[in-house]
There are 2 protein chains.
Amino acid sequence: MAAFTSKDVARIAGVSQSTVSYVMTGKRPISERTRKRVLDAMEQLTYEPHSGARALAGRRTQVVGLVVPFGADGQIFGLLPFIETIASSARAHDHEVLLVTADEGSAGLRRLAGRALCDAIIMMDIEEHDDRVPVAAALPVPVVLIGVPADPAGLHCVDLDFETAARMAVDELADTAHDEIVVLGYPASAMERGLNFVGRVLRSARQRARARGVPLTVIEPVEHGQEATAEAVDQLLARRGGGRLGVVLPHNDSIGPILRALRTRDVLPGRDISVIGISPDPQAEESDPAYTNVSEEPRDVSRRAMETLFWLLDPAPGVERPGVDLVAPRLIRRSTVMPIPSN
Amino acid sequence: MAAFTSKDVARIAGVSQSTVSYVMTGKRPISERTRKRVLDAMEQLTYEPHSGARALAGRRTQVVGLVVPFGADGQIFGLLPFIETIASSARAHDHEVLLVTADEGSAGLRRLAGRALCDAIIMMDIEEHDDRVPVAAALPVPVVLIGVPADPAGLHCVDLDFETAARMAVDELADTAHDEIVVLGYPASAMERGLNFVGRVLRSARQRARARGVPLTVIEPVEHGQEATAEAVDQLLARRGGGRLGVVLPHNDSIGPILRALRTRDVLPGRDISVIGISPDPQAEESDPAYTNVSEEPRDVSRRAMETLFWLLDPAPGVERPGVDLVAPRLIRRSTVMPIPSN
DNA sequence: TTGAAAGCGTTACCAA
DNA sequence: TTGGTAACGCTTTCAA
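Residues numbered from 1 in each chain as written. Chains lettered and ligands numbered in written order. Predicted model: local features only at pLDDT ≥ 70, side-chain atom pairs only at ≥ 80, totals over all residues. Heavy atoms only, no water.

Chain A has the name LacI family transcriptional regulator in an unreviewed UniProt entry, where Phytohabitans aurantiacus is given as its organism.

Some thoughts on the sheet that holds strand 12 (residues 331-332) of chain A
Residues and elements named next belong to chain A. Taken together, the six strands give an open sheet; going across it, the order is 7-6-8-9-10-12, and neighbouring strands pair in mixed fashion. Here the strands that pair on one side only, and so sit at the sheet edges, are strand 7 (216-219) and strand 12. Two strands pair when backbone bridges link them, and strand 8 (residues 245-249) and strand 9 (residues 274-279) are joined in this way by four bridges, in the parallel orientation. Directly across from Leu249, in strand 9, lies its bridge partner Gly277. (Pairing = 2+ DSSP bridges. Helix = DSSP H or I, 4+ residues; strand = E, 2+ residues; numbered from the N terminus.)

Details of the protein's contact with DNA strand C
Among the 30 residues in the neighbourhood of DNA strand C, the closest are listed as Gln17(A), Ser21(A), Ala57(A), Arg28(B) and Thr34(B). Expressed as a percentage, the sugar and phosphate content of the atoms of DNA strand C within 4 Å of the protein is 53%. Contacts to DNA strand C include Tyr22(A), whose side-chain N or O atom sits 2.7 Å from a base nitrogen. Residue Ala57(B) places a main-chain N or O atom 3.4 Å away from a base oxygen belonging to DNA strand C. (Near = heavy atom within 4 Å. Polar contact = N/O pair within 3.5 Å; in protein donor to acceptor, adjacent residues only side chain to side chain.)

Here we look at the interface of chain A and chain B
Across the contact, 39 residues belong to chain A and 39 residues belong to chain B. Regarding the contact of chain A and chain B, the summed buried area is about 3700 Å², with carbon and sulfur atoms giving 61% of it. Summed over the shared surface of chain A and chain B, the number is twelve salt bridges. With a shortest N-O distance of 3.0 Å, Arg115(A) and Glu48(B) are connected by a salt bridge. At the junction of chain A with chain B, the criterion picks out 15 residue pairs in polar contact (both at pLDDT 80 or more). Sorting the residues of the side of chain A that touches chain B by element identifies helix 4 (51-58), helix 5 (79-92), strand 2 (96-101), helix 6 (105-114) and helix 12 (252-264) of chain A as the ones contributing at least two each. Here the side of chain A that touches chain B gets six residues from one element, more than from any other, and that element is helix 5 of chain A. (Contact = heavy atoms within 4.5 Å. Buried area = accessible area lost by both parts, 1.4 Å probe. Salt bridge = Lys/Arg side-chain N within 4 Å of Asp/Glu carboxyl O.)

Here's the deal with helix 11 (residues 226-238) of chain B
Residues and elements named next belong to chain B. The terminal C-alpha atoms of helix 11 lie 18 Å apart, and with 13 residues this matches the ideal 18 Å at 1.5 Å per residue to within 8%. Taken residue by residue, helix 11 has Thr229, Ala232, Val233, Leu236 and Leu237 as its buried positions. The arc that holds the buried residues of helix 11, viewed along the axis, is 135°, so those residues lie on one side. Counted as exposed and oriented over 90 degrees from the buried face of helix 11: Glu227, Glu231 and Ala238. Buried residues along helix 11 sit in contact with strand 6 (180-184), strand 7 (216-219), strand 8 (245-249) and helix 12 (252-264). (Expected span 1.5 Å × (residues − 1). Buried < 20%, exposed > 50% of the residue type's maximum accessible area, 1.4 Å probe, protein only. Arc of directions from axis to C-beta.)

Quick notes on empty space enclosed by the protein
All told, the structure shown has six cavities of 30 Å³ or more when counted by the stated rule. Roughly 220 Å³ of internal volume is contained in the second largest cavity. Grouping the amino acids of the lining of the second largest cavity by side-chain chemistry returns ten nonpolar, six polar and no charged. (1 Å grid on protein atoms, 1.4 Å probe; cavity = no way out; pocket = protein on both sides within 12 Å on 5 of 7 lines; lining within 4 Å. Points joined across faces, edges and corners; volume = space filled by probe spheres on them. Nonpolar A, V, L, I, M, F, W, Y, C, P; charged D, E, K, R; others polar.)

Quick word on the environment of Arg35(B)
All names here are of chain B. With respect to the element layout, Arg35 can be found in helix 3 (residues 32-45). Sequence spacing of Arg35 and Ala13 is 22 residues, and the spatial spacing of their C-alpha atoms is 9.3 Å. Look past the residues within four positions of Arg35 in its chain and what remains in contact with it is Val23 and Ile30.

A look at the packing of aromatic side chains
Inspection of the entire model under this criterion finds four aromatic pairs over all chains. Consider the rings of Phe162(A) and Phe197(A), whose centres lie 4.7 Å apart with planes at 25°: the pair is stacked. In this pair, Phe162(A) is assigned in helix 8 (residues 162-175) and Phe197(A) in helix 10 (residues 196-212), connecting sequence segments 35 residues apart. Per residue, the accessibility class of Phe162(A) equals that of Phe197(A), and both read buried. Each ring, one from Tyr186(B) and one from Phe197(B), has its centre 6.0 Å from the other, and the planes form 50°; the classification is tilted. Taken together, the residues span a long stretch of sequence, with Tyr186(B) in the loop between strand 6 and helix 9 (188-193) and Phe197(B) in helix 10 (residues 196-212) at a distance of eleven residues. Taken together, the ring pairs in this structure connect Phe162(A), Tyr186(A) and Phe197(A) into an aromatic cluster. (Phe/Tyr/Trp six-rings, centres within 6.5 Å; stacked < 30°, edge-to-face > 60°.)

Focus on the protein's contact with DNA strand D
Taken together, 29 residues lie near DNA strand D, and Thr19(A), Arg28(A), Thr34(A), Ser6(B) and Tyr22(B) sit nearest. Of all DNA strand D atoms lying within 4 Å of any protein atom, the proportion belonging to sugar or phosphate reaches 55%. Thr34(A) places a side-chain nitrogen or oxygen 2.4 Å from a phosphate oxygen of DNA strand D. Taking Ser6(B), its main chain carries an N or O atom lying 2.5 Å from a phosphate oxygen of DNA strand D. Taken together, the elements giving at least two residues each to the surface near DNA strand D come down to helix 2 (17-25) and helix 4 of chain A together with helix 2 (17-25) and helix 4 (51-58) of chain B. Ranked by residues supplied to the surface near DNA strand D, first place goes to helix 2 of chain B with six residues. Class assignment for the residues of the surface near DNA strand D results in eleven nonpolar, 14 polar and four charged.

What about the relation of the copies chain A and chain B?
Mapping chain A onto chain B is achieved by rotating through 180° and translating by 0.0 Å along the same axis, at an RMSD of 0.0 Å. The transformation relating the two chain copies, once decomposed into turn and shift, fits a two-fold axis. Of the interface residues in chain A, 100% have counterparts in chain B that sit at the interface too, so the contact is made through matching surfaces. (Least-squares fit on C-alpha atoms with pLDDT ≥ 70 in both.)

In C-alpha cells:
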C-alpha cells in the first residue's frame, strides 16, 4: 500500500509516463493495445492518481465546493436532500465535494478559490441582498447559486419557482370553493434577512387570489414560539365566519407549531379548515396530520444546479443555460384540504 | 486576481521562497523583522497557498474526509449537528472537510486514501459488522469511527454510551415508581443491519430493570408504517393493568408515529403512561408532546472524535486516547413521565 | 537566521 | 501513435 505513481504504472506497462497520463485523460488517441496494457498495470497496482499533483499540473481539482447554510439558523429540515443530490451528481462526474459552512461568509469563498481547492462552487440559501454574491461573482471559478438574489451579478441561479408555488396553493383553495384565504407569513427575522422567496411568495399569492376573486389576507410576522404561534392562530380563527377558510403556510418552521395549535383548539384540518404548506415533502408526509403541500423539489433544484455547474466547467457548444432557472413545484394532495361540498 | 505564488511574496518581501514557506509553517525560527515583511507582502497580495502544491510537496492535504450515512436509509434527523460540529472543528484546525457518502462503501475510502485526498477520515453510522471497518483499518491514513463495531480492528471509536443511556431511562422510570417497563424495539431491518447499539441498548435495559426489581418487556420488532406501529402500541397498552406503565423508545424513527398512535387512543403521556425516548434533543423538543429523552449528544461525540483525529495526526507526547470512547448521555426531563404520586 | 536547489507526481508541449 | 521533458507551486534538505 505504499502508494504507486504513474511512473510505476508506466514501467510495468512498458510505456512512457506521459502515455499513462493520456490514457487517463483521453486527451490523445491511444492504440487499443497500449491502452489495455496501461489499464492492466493500473489494475495490478491498484493505482490512484495523486490529486494534489494533478491539481498542480492540470489546474483542475475535480472538486466542487459546497457552501451549506449551517451555523445560520433556519430551515435545516429540508437540507439533506439537497446535499445528497449534489454529492451524488458530483460523484457521477468524478468530482469530490468539499463542504464549507455559511458562517464563514465571504472568507470561505475566497479560500476555496484562492487556495485552488475546487473548480466550481455551489452556494445555498441565498439571501435577497447577500454580501457573498458580489464576492462570488468576482471569483475566478464559476459559482452557481441555489436561490435568487436581488442582483445575481451575472451568476447562474436555480431555485424553486416560488411565485408558481404560491399560485398553486391559492388555485387549489379557489378550486375547492373556499371563501377566504389567509397566508400566515414569516417571522420578522426571516423578513429582515431578506430571504429571496419571502416577497415573491406573498406578492404572487395576493395577485392570484385577486384574479380568482377570493379575498386573501396576510398575517405577519408570525414569530416562533408557543405564544406567538397561538396568537397568530387565534387571529386566523377569528376570521372564520361560517365560510370555508383556507390557510397557506409558506414557512417550514412554523407549520408544525401551527398544526399543533389548531389541534389544541379542536379545529381539524380537512374538516373545519383547509391547510396547504409550502415545505419539503417528508415534513408534510410525516407531520400529524399529513398536510397537502407544495413541494420544494430539492432534488430537481440540486440536479439542475449541478447540470449548470458542469456546463460552466465544460461548456457544450450550442447549448445554453438560463441565468435564472426556476423549477416547477408540485402540489401533493393529502388530507388537509376540505373537499368540495357535494350539494 | 491572477493567483499569486509564494515566489511573488518572496520577491515583494525581498526574501527567498523558502523563507516564505517557513513563515507559514513555523518550522524554522524567523527573525521578527523578516516575518513581518513576509506577512505584509502576503497581505498585500492577498496571497493564499496553492493547496495542491502544498499537498504534493508537503504530503499534507489539510483535509479531513467525512463519510456520512446518506444513501443509506435511517436516522437522518439527527445528522446535521454531527456534520456541523465536525466542520467547525476542522475549520478551527485549518482543515477542510471532504464529503463522501456511505453508499460508496469501501471504494470511497480507498479513493480518499489512494488519491491522497485527505489526511484522516471520520466515518459515521458504523454497523456492528461493517465491511468498511477492515478496509479502513488497512488504510495508510488514520480513521476514527463514530459508532462501535464488533471488532474495531485497532481503530479509534467514539459513540454515545448506549448502555448508560438505557440504564438512565430505566432508572428514571424506576425512580418515579413505575410498576412495569416496556421497551418498544427496533424494526427488523435495523436489527439485521446490526447497528452497533441495538443489542447494547436492549441488553443494558433488561439488566438494569432486573437490578431495580421492575419487570421489563421488550416488544420487537417494531416496523415502520401505520398498522405496524398501531399493532405495537396496542400490544403495549394491553399490558396496562391499572399500574404505572413506562415505555422506553430507543428508535428515533418510530417515536413520532408511536406518540401519534397514543394520542389517537386518548392515552396521554405524562398522565396515563410514561414515555422516554433515546433520541436527538431537537426531535424530543419539537415533538408533540415534547418528551423526556436521553440525548444522543451529537456535539460531544463529534467533538471527541475530532479531538482523537487531530491527536492521531499529531500525537502529543504523553497524552493517550482511549480506543473506545463512550460519551455520557444526558437525560432531559420534559412532560411525558408521570410524577411520583404524592400520597 | 537565511538562501539555493532538489524534489513531490502529474499534465501538456515539442519532437519523433 | 508514442516518448522525453519542462513546468505547476510548494516543502525541505543542505550549505552558508
